[in-house]
Amino acid sequence: KKSNFSLFGRRRTSTMPPKTQQKSKEAKMAAAMAGGKGKKKKWSKGKVREKVANKVLFEEELYERLKTEVPKMKLITPSALVERLKIGGSLARAAIKELESEEMIKRLSYHSSQWVYTRATAVEA
């Protein structure tokens, strides 16, 4: 006599569903032809980032902020100035060159894609 229990203590039950009547070829073709007439999928336009209106020229008040704030920053990069002062990238690079020429900041690393500067510390002997 065959047991109703498996090795793992669970009861064996048949898992196959009962057989259903197969559709004829004509019925399958008709179903395939009817299904493809739905609406086309509309693609989303994607997420739109809001445009930041950074300044491209220094105003008097902004130039004063540059002269006072930037020499006190520990890490000075063009991207840091863009974030802090809301200025364009080319204006930030020009500002860094000017501050370096006035010896207000000191160069750490200079690469075409990323400039790294720090505040100039007074070395007195």
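Now for a description of the structure that goes with this document. (Residues numbered from 1 in each chain as written. Predicted model: local features only at pLDDT ≥ 70, side-chain atom pairs only at ≥ 80, totals over all residues. Heavy atoms only, no water.)

1. A few points about the overall build of the chain
Okay, step 1: Across its full length, the chain carries 4 helices and 2 strands.
Okay, step 2: Sequence-ordered secondary structure for the chain, helices as α and strands as β, is α-α-α-α-β-β.
Okay, step 3: Expressed as a percentage of the 125 residues in the chain, the buried residues total 19%.
Okay, step 4: Put simply, 42% of the contacts in the chain that link residues at least 6 apart link residues at least 24 apart.
Okay, step 5: Per element, the accessible surface of the chain, about 11,600 Å² overall, is 55% carbon and sulfur. (Helix = DSSP H or I, 4+ residues; strand = E, 2+ residues; numbered from the N terminus. Buried < 20%, exposed > 50% of the residue type's maximum accessible area, 1.4 Å probe, protein only. Contact = heavy atoms within 4.5 Å. Areas by Shrake-Rupley, 256 points an atom, 1.4 Å probe, with all protein chains shown as cover.)

2. Let's talk about the side chain of Thr118
Okay, step 1: For Thr118, the position within the fold is in strand S2 (residues 115-119).
Okay, step 2: A residue is classified by how much of its surface remains accessible, and Thr118, at 15% relative accessible area, is buried.
Okay, step 3: A polar atom in the side chain of Thr118 sits 2.6 Å from the backbone oxygen of Lys74. (Polar contact = N/O pair within 3.5 Å; in protein donor to acceptor, adjacent residues only side chain to side chain.)

3. Considerations on the packing of aromatic side chains
Okay, step 1: This structure, assessed with the given rule, holds 2 aromatic pairs.
Okay, step 2: Judged by centre distance (5.6 Å) and plane angle (70°), the ring pair of Phe58 and Tyr63 falls under edge-to-face.
Okay, step 3: On the basis of relative accessible area, Phe58 is assigned to the partly exposed category, the value being 26%.
Okay, step 4: The exposure class of Tyr63 is partly exposed, given its relative accessible area of 23%.
Okay, step 5: The side chain of Arg107 reaches across the aromatic face of Tyr110, ending 4.4 Å from its centre. (Phe/Tyr/Trp six-rings, centres within 6.5 Å; stacked < 30°, edge-to-face > 60°. Lys NZ or Arg CZ within 6 Å of the ring centre and 35° of its normal.)

4. Considering the pairing of S2
Okay, step 1: As judged from the 5 bridges shared by strand S1 (residues 105-110) and S2, these two strands associate in the antiparallel manner. In the sheet register, Ile105 faces S2, and the bridge partner there is Arg119.
Okay, step 2: The turn linking S1 back onto S2 is made up of 4 residues. (Pairing = 2+ DSSP bridges.)

5. What to know about the packing of helix H2 (residues 60-69) against helix H4 (residues 89-101)
Okay, step 1: Relative to each other, H2 and H4 sit at 50°, their axes nearing to 11 Å. The pairing of H2 with H4 is recorded here as oblique in orientation. At the point where H2 passes H4, the crossing takes the right-handed sense. Contacts between H2 and H4 pair Tyr63, Leu66 and Lys67 from the former with Ala95, Glu98 and Leu99 from the latter.
Okay, step 2: The residue makeup of the contact of H2 with H4, split by class, is 4 nonpolar, no polar and 2 charged. (Axes fitted to C-alpha atoms, helices over the stretch in contact; angles between N-to-C directions. Parallel < 35°, antiparallel > 145°, perpendicular 65-115°, else oblique. Left-handed = near helix turned anticlockwise from the far one by under 90°. Nonpolar A, V, L, I, M, F, W, Y, C, P; charged D, E, K, R; others polar.)

6. Some points on unusual backbone geometry
Okay, step 1: For Lys86, which is not glycine, the phi torsion reads 55° and is therefore positive.
Okay, step 2: The phi angle at Glu103 is positive, at roughly 60°, despite the residue not being glycine.
Okay, step 3: Position of Glu103 relative to the elements: it lies in the loop between H4 and S1.

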